[in-house]
Each structure stands twice: as C-alpha cells, then as structure tokens.
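Next come the chains, spelled out residue by residue.
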Amino acid sequence: MKWGQKVMGMLDYLRDKILLLVLHTGCMLLMAGFLYATGYDPEYCMLILVFWVLILAGWLGYGYYNRKRYFEKLWVMLEKMDQRYLLGELMPVSHRLEDRLYREMIRISNKSVIERIRQIEDEQKEYREYIESWVHEIKAPITSIDLICENSRDAILVHDSRQSVVRRIRLENQKIENYVDMALYYARSDEVYKDYVIRKTDLQEVSVVVLKRNKCYLIQNQIQAEVDCKDSVYTDQKWIAFILNQLVLNSTKYQRESGAWIRIYTKVYGGGGILTDGTLLDVEKEDVHPAGGREERVYGVRLIVEDNGVGIKEEELGRIFEKGFTGSNGRKTERSTGMGLYLCRKLCQKLGIAVYAESKEQEGTKIVLEFPVSTYMAVSADLSTER
C-alpha cells in the first residue's frame, strides 16, 4: 500500500520511538555495567544484551506492523469515501487509548462541521426561496407595463413620436424581464430536478416562441432571424427555451453593424447504429441522412444557433463559458456581465446536454447544443415500431 508506506515508513516509526530507544539503550548499558562490576562473566552479559535487543526488535517490529496495517486501512477507507468528513464515524476500532481519544475528538469536530454545513445550506435555501419569490412578484408589474404598452399602441397611432416612446418602453421592459429570468434560473440552477419535466419537445416550436418574444429587440437591431428545426428531442421545454433565449440575446448583443442574421437549425448525428438490413453503422460526429431507402438509427440531435456577428478571438474561445468572463467584446459593452453563457453551460450540464462553441473573429459564431439519445431509447423505439 503506497499510501501507508508514505504516511509511516519504518524509519519514521523508529524516529517516533526515539525516546524509548534511548531509554532502552541507557538501561542496557547500566545493567551491563552493574553485572560486570558484580563479577559476572562478560560472555553472559553479552548474551543477556543480545536477547534484550532481539526482544526489543521483535516488539518494535510487531508494533510497526500493527500500526501500518491500521493506517493503511484508514487510507483505503478514506479514498473510497465520498463524504470524507464522516471518517470519524467509520474509523476501525482500536485497543489503543490514543486511537480512541483521537477518534472521539475527530467525531466531535466532524459533528461541528456538519452542523455548520447544514446551517449554511439552510441559509442558502432561504435566500434562494426569497429570490424566487421576488422574481415572481416583480414579473407582475413587468407584465402590466407590457400590456399597457400593447393597449396604448392602437390609441396613439396618429402620434408617431409617442409610438416610438412606447416601443422603447416595451424594449427596455423586455430587457428587465430577461435579467429577472436570469436571476430566477440562476437561483434554481442547483436544484433543476425539482422543476424538471422530460417530454418530447418540438425545437421548431420552442425556437419560434423565443424569437417572437424578442421580436422588438430583433427589429430594433435590424437582425434577420431564420428557423429550420425539423427534429424533436426529449428534454424539459421550459429550461431549453431559457437557454435558447440567452443564446439569441448574446447573438443580438454582439451583432455586426449591417446585414446581421441569426439562424437556428438542427442536425442529427449517429454512432454505432444498426441499419434495418443488419449492416453496422459506424458514424462519429457526422450528419446522418437516409440512403437507399434504409432506416438509420439516430443517436442524437444538434441544435445550432449561428450568427454572422463580430465573432470571438481564438485565444478567448475556451473561456467564454467561465463565470464572469466577458472577453474583449464584452468589455466594449457596459451591460455585459459574463453570466449568460456560464448559466447556459451550467443548466446544460444539469440536463445532460453537451454545449460548445465554434467561432472566427469578424465572421460569426456557432453555439451547439447536443441532445444525446441513449441506446436504450433507440432500441425501445425500434421495438415499438416493430410491434
């Protein structure tokens, strides 16, 4: 056991027993001097010293072996534990008083740590619940402002200047709602499972809803938007809509000066599938298209949000999903927080979706979401079709 040897080698053990060894050495010298002074044969004195050394060596060897095994067992246990602060509860029983005292002290210390952790978790839970409650409360006046603007639009058609003011108010109101949503989803991001419903989701429908929600923003920035999502996936529709909304807002924020566009489309990919004629399909990260009238088992769907904006520098591309990272483009925008893509990646990890980016500076950016389809679901689908 490497860990045991590293923690306590033989030299370390003897060094720890140095006072005992000095004591035994002194006692042996005193005894040898006493026996020699009282007329004992030097050979008998030497024989007694040899036996003393052998007994001491045996006792030290036995003690070293026991202590080494004990600590090896502890290290193995520690390596296998997920919650290592519970070591004090699982430490093996020892007959040594020191071990029992250490174990009790570790248990008391760990209990204090666990209580503190629970206290912090409770405080975080209360804060998160407050944020969620505040977000729901603030959404009411936001919706009211939007309705007032919508109802006022027809009443002031003759006043172009007033119409422009109403549009700007709606646009700013939409921005407020987007930031409020970001706060809500960030607060819930650690507990996605509490508000998570897996069902078949039409990506075309979700994409259209997201673009309609941001139509004022897109119109103001003169951005053309296209949707071509022919595929469906099994995921949570609400969370995907939020992620997609963040990606659209990001593309809008970093658009080019003229001729800007955003395209949302899907592609399917396969790997190791089986064709209906029994042929083994071995495709890695490539598009899959039916050929020769044969059916192919699809193993995933890519949802791609592409734009022709300012793009991302190559040296910054690997950091765009980091919390708070704004990059050279973000520093030119006062409203950039570096939270949008970070939150998208965090939610994608919770949902089991891969996310990555492809970009060239001054040419555009692609954000790709990969929805994998498990072998179990694919086989189940095949069996259902056969029946």
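An account of the accompanying structure is given in this report. Quick caveat, the model's predicted, so the values are computed rather than measured.

1. Points about the overall build of the chain
Phase 1 of the analysis: Helix and strand content of the chain: 13 helices and eight strands.
Phase 2 of the analysis: Long-range contacts, defined as pairs at least 24 residues apart, comprise 70% of the intrachain contacts of the chain with a sequence gap of at least 6.
Phase 3 of the analysis: Carbon and sulfur atoms make up 56% of the accessible area of the chain, which totals about 24,900 Å².

2. Some thoughts on the pattern of salt bridges
Oppositely charged side chains can pair when the atoms bearing their charge come close.
Phase 1 of the analysis: Applying the stated rule across the entire model yields seven salt bridges.
Phase 2 of the analysis: Between Asp99 and Arg67 there is a salt bridge, and its shortest N-O distance comes to 2.7 Å. Within this pair, whereas Asp99 is found in helix 6 (residues 97-155), its partner Arg67 is found in helix 4 (residues 42-80), the two being separated by 32 residues in sequence. The burial state of Asp99 is the same as that of Arg67; both residues are buried.
Phase 3 of the analysis: The closest approach of N and O atoms between Arg96 and Asp99, which form a salt bridge, is 4.0 Å.
Phase 4 of the analysis: Residue Asp99 is classed as buried on the basis of its relative accessible area, which comes to 6%.

3. Concerning the packing of helix 3 (residues 18-37) against helix 4
Phase 1 of the analysis: The geometry of helix 3 relative to helix 4 is characterised by a closest axis approach of 10 Å and an angle of 165 degrees between their N-to-C directions. Here helix 3 lies roughly antiparallel to helix 4, going by the angle between them. Here the hand of the crossing between helix 3 and helix 4 comes out right-handed. From helix 3, Leu20, Leu21, His24, Cys27, Met28, Met31, Ala32, Leu35 and Tyr36 reach across to helix 4, where they touch Pro42, Cys45, Ile48, Leu49, Trp52, Val53, Leu56, Trp59 and Leu60.
Phase 2 of the analysis: For the contact of helix 3 with helix 4, the residue count by class is 17 nonpolar, one polar and no charged.

4. Concerning the nonpolar core
Phase 1 of the analysis: Formed by 42 residues in total, the largest nonpolar core has its most connected members in Ile240, Ile243, Leu247, Ile264, Leu303 and Leu369.
Phase 2 of the analysis: Listed by contribution, the elements that provide at least two residues to this core are helix 7 (160-188), helix 8 (203-213), helix 10 (237-253), strand 4 (261-270), strand 6 (300-307), helix 12 (340-351), strand 7 (354-360) and strand 8 (364-372).
Phase 3 of the analysis: Ignoring sequence-local partners within four residues, the contact set of Leu369 consists of Ile243, Leu247, Val301, Arg302, Leu303, Cys348, Ile353, Ala354 and Val355.

5. With respect to the layout of surface pockets
Sizing a probe to match a water molecule and rolling it over the atoms shows the empty space that remains.
Phase 1 of the analysis: One number sums up the size of the second largest pocket: a volume of about 490 Å³.
Phase 2 of the analysis: For the second largest pocket, the lining is made up of 19 residues, of which Gly63, Asn66, Arg67, Tyr70 and Arg96 are closest to its centre.
Phase 3 of the analysis: Broken down by element, the lining of the second largest pocket gets its largest block of residues, nine residues, from helix 4.
Phase 4 of the analysis: By residue class, the composition of the lining of the second largest pocket is eight nonpolar, four polar and seven charged.

Quick notes on the rules
All residue numbers refer to position in the chain's written sequence, counted from 1. In view of the model being predicted, local features appear only for residues whose pLDDT reaches at least 70, and side-chain atom pairs are presented and counted only at 80 or more, with totals across whole chains, interfaces and linings using the full set of residues. Side-chain measures were taken over the full set of non-hydrogen atoms in the model, leaving aside hydrogen atoms and water. Secondary structure elements follow DSSP: runs of H or I of four or more residues count as helices, runs of E of two or more count as strands, with numbering from the N terminus. Working rule for contacts: check all heavy atoms of both residues, and any pair within 4.5 Å makes them a contact. Here the open area of atoms and residues is found with the Shrake-Rupley method and a 1.4 Å probe, where only the protein chains shown may cover a residue. Salt bridges are defined by distance alone: a side-chain nitrogen of Lys or Arg within 4 Å of a carboxyl oxygen of Asp or Glu. We call a residue buried when its accessible area falls under 20% of the maximum for its residue type, exposed when it is over 50%, and partly exposed in between, using a 1.4 Å probe and counting protein chains only. Helix axes use the C-alpha atoms of the stretch in contact, all axes being lines fitted to C-alpha atoms, and the angles between their N-to-C directions lie in the range 0 to 180 degrees. Here the angle decides the label: under 35 degrees means roughly parallel, over 145 means roughly antiparallel, 65 to 115 means roughly perpendicular, and every other value means oblique. Left-handed describes a crossing whose near helix is turned anticlockwise from the far helix through less than a right angle; right-handed describes the clockwise counterpart. Side-chain classes follow a simple rule in which Ala, Val, Leu, Ile, Met, Phe, Trp, Tyr, Cys and Pro form the nonpolar group, Asp, Glu, Lys and Arg form the charged group, and the remainder, Gly included, forms the polar group. Buried residues of nine kinds, namely Ala, Val, Leu, Ile, Met, Phe, Trp, Tyr and Cys, make up a nonpolar core once their side-chain atoms join them within 4.5 Å. Residues are said to line a cavity or pocket when one of their atoms sits within 4 Å of a point; the points come from a 1 Å grid over protein atoms alone, cavities being sets where a 1.4 Å probe fits but cannot get out and pockets being open sets with protein on both sides within 12 Å along at least five of seven lines. Grid points are joined across faces, edges and corners, and a volume is the space filled by probe spheres set on the points.

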